[in-house]
Amino acid sequence: MSAPTYSQPRAAAPGRVDIRLPWWAIVLPAVAFVALLLLILNPADAQAVAGEPSLVHILGRAKDLVLR
């Protein structure tokens, strides 16, 4: 009885990259991006906040962390 032989996977052609992504690897990030973009661009749902804007606050904290 001989041992089972396994075929070698085909090598990609020189100069060519063979990448296969599942459909959800493209769709899910795109859906998440659109959802977040819609949340940012719809100011009608935003409520007024007293004090300094959150973006300025976040950028100030990021600057403090970087310059530390």
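Coordinates for the structure precede this section.
Residues numbered from 1 in each chain as written. Predicted model: local features only at pLDDT ≥ 70, side-chain atom pairs only at ≥ 80, totals over all residues. Heavy atoms only, no water.

1. Points about the overall build of the protein
Stage number 1. Each helix and strand in the protein was counted, giving two helices and zero strands.
Stage number 2. The buried share of the protein, taken over its 68 residues, is 0%.
Stage number 3. As displayed, the protein offers around 7,300 Å² of accessible surface, 66% of which is attributable to carbon and sulfur atoms. (Helix = DSSP H or I, 4+ residues; strand = E, 2+ residues; numbered from the N terminus. Buried < 20%, exposed > 50% of the residue type's maximum accessible area, 1.4 Å probe, protein only. Areas by Shrake-Rupley, 256 points an atom, 1.4 Å probe, with all protein chains shown as cover.)

2. Remarks on helix 2 (residues 54–67)
Stage number 1. With 14 residues, helix 2 should cover 20 Å at 1.5 Å per step; its first-to-last C-alpha distance of 20 Å lies within 8% of that length.
Stage number 2. Burial runs low along helix 2: only zero of the 14 residues are buried. (Expected span 1.5 Å × (residues − 1).)

3. Some words on helix 1 (residues 24–41)
Stage number 1. In this model helix 1 runs 25 Å from its N-terminal to its C-terminal C-alpha over 18 residues, within 8% of the 26 Å that 1.5 Å per residue would give.
Stage number 2. With zero of its 18 residues buried, helix 1 lies for the most part at the surface.

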